[in-house]
Amino acid sequence: MLELYDYTDVEQRHGLTYDHWRARVHPPIPSCWKHDCSRPSGAKATFDMTFRIIKRSGKTLHIHAKAQIERDDAGHAVSVLGTNRDITAQLEQEARLREAKEQADAANQAKSAFWPI
């Protein structure tokens, strides 16, 4: 995750917080984010979402995150356990496949219009 979010050695040594992570998230914030992170005290919240982050280089990545937040009785998050996976290449491949299918469908339609059955 440290590499995904492009954190520096200095940031890692001084400790990373929610604010470090949040600063990388590209707006808009997913609507379920606020809901999942505002559970009552003592409750466990889970989330499963896709969002974008912006690296220091300006490159945008699409991230699929799953996590569980455990809170104490006062409602403070005491632990977060989860995964973040870069799905940028997968989404780009899906877009290329959709475009290829649309082109094939259009070519098939044009052929059918030219050679009526």
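Values in this document were obtained by computation on a predicted structure and should not be read as measured data.

Calculation rules
Residues numbered from 1 in each chain as written. Predicted model: local features only at pLDDT ≥ 70, side-chain atom pairs only at ≥ 80, totals over all residues. Heavy atoms only, no water. Helix = DSSP H or I, 4+ residues; strand = E, 2+ residues; numbered from the N terminus. Contact = heavy atoms within 4.5 Å. Areas by Shrake-Rupley, 256 points an atom, 1.4 Å probe, with all protein chains shown as cover. Phe/Tyr/Trp six-rings, centres within 6.5 Å; stacked < 30°, edge-to-face > 60°. Buried < 20%, exposed > 50% of the residue type's maximum accessible area, 1.4 Å probe, protein only. Core = buried A, V, L, I, M, F, W, Y, C linked by side-chain atoms within 4.5 Å. Lys, Arg positive; Asp, Glu negative; His and termini not counted. Salt bridge = Lys/Arg side-chain N within 4 Å of Asp/Glu carboxyl O. Polar contact = N/O pair within 3.5 Å; in protein donor to acceptor, adjacent residues only side chain to side chain.

Caption draft 1: Representation of the overall build of the chain in the model. Across its full length, the chain holds four helices and three strands. Helices (α) and strands (β) of the chain occur, in sequence order from the N terminus, as α-α-α-β-β-β-α. Expressed as a percentage of contacts within the chain between residues at least 6 apart in sequence, the contacts between residues at least 24 apart total 42%. A total of about 8,400 Å² of accessible surface is found on the chain, and carbon and sulfur atoms cover 55% of it.

Caption draft 2: Representation of the packing of aromatic side chains in the model. This structure, assessed with the given rule, holds two aromatic pairs. Both rings, one in Y5 and one in Y7, keep their centres 5.9 Å apart while their planes meet at 10 degrees; by these two values the pair is stacked. Judged by its relative accessible area of 0%, Y5 falls in the buried class. Residue classification places Y7 among the buried positions, given a relative accessible area of 9%. Centre to centre, the rings of W21 and F51 are 5.8 Å apart; their planes meet at 90 degrees, and the pair counts as edge-to-face. Of this pair, W21 sits in helix 2 (residues 18–24) while F51 sits in strand 1 (residues 44–54); the two residues are 30 residues apart in sequence, bridging distant segments of the chain. For the pair formed by W21 and F51, the shared burial category is buried.

Caption draft 3: Region of the structure containing the nonpolar core. Y5, F47, F51, I53 and I63 are the most contacted members of the largest nonpolar core, which totals 15 residues. Breaking this core down by element, the ones donating at least two residues are strand 1 and strand 2 (60–71).

Caption draft 4: Local environment of the side chain of R24. Take R24: it is sitting in helix 2. Of the side chains with opposite charge, E11 comes closest to the buried, unpaired R24, at an N-O distance of 4.1 Å. At a separation of 3.2 Å, a polar atom in the side chain of R24 contacts the main-chain carbonyl oxygen of D6. Those residues in contact with R24 that sit more than four places away from it in its chain are Y5, D6, Y7, E11, R52, I53, I54 and R56.

Caption draft 5: Molecular detail of unusual backbone geometry. You will see that D6, though not glycine, has its phi angle at about 65 degrees, which is positive. The class of D6 is partly exposed, set by a relative accessible area of 26%.

Caption draft 6: Spatial organisation of the pattern of salt bridges. Taken as a whole and assessed by the stated rule, the structure comprises three salt bridges. The residue R56 makes a salt bridge to E11 at a minimum N-O spacing of 2.6 Å. Separated by 45 residues along the polypeptide, R56 in the loop between strand 1 and strand 2 and E11 in helix 1 (residues 9–14) bring together distant segments of the chain. Among the ionic pairs, D105 bridges to K101, the shortest N-O distance being 2.8 Å. Taken together, the positions of D105 and K101, both in helix 4 (residues 88–114) and four residues apart, correspond to about one turn of that helix. Under the relative-accessibility criterion, K101 is labelled exposed at 52%.

So yeah, pure geometry; function would need other evidence.
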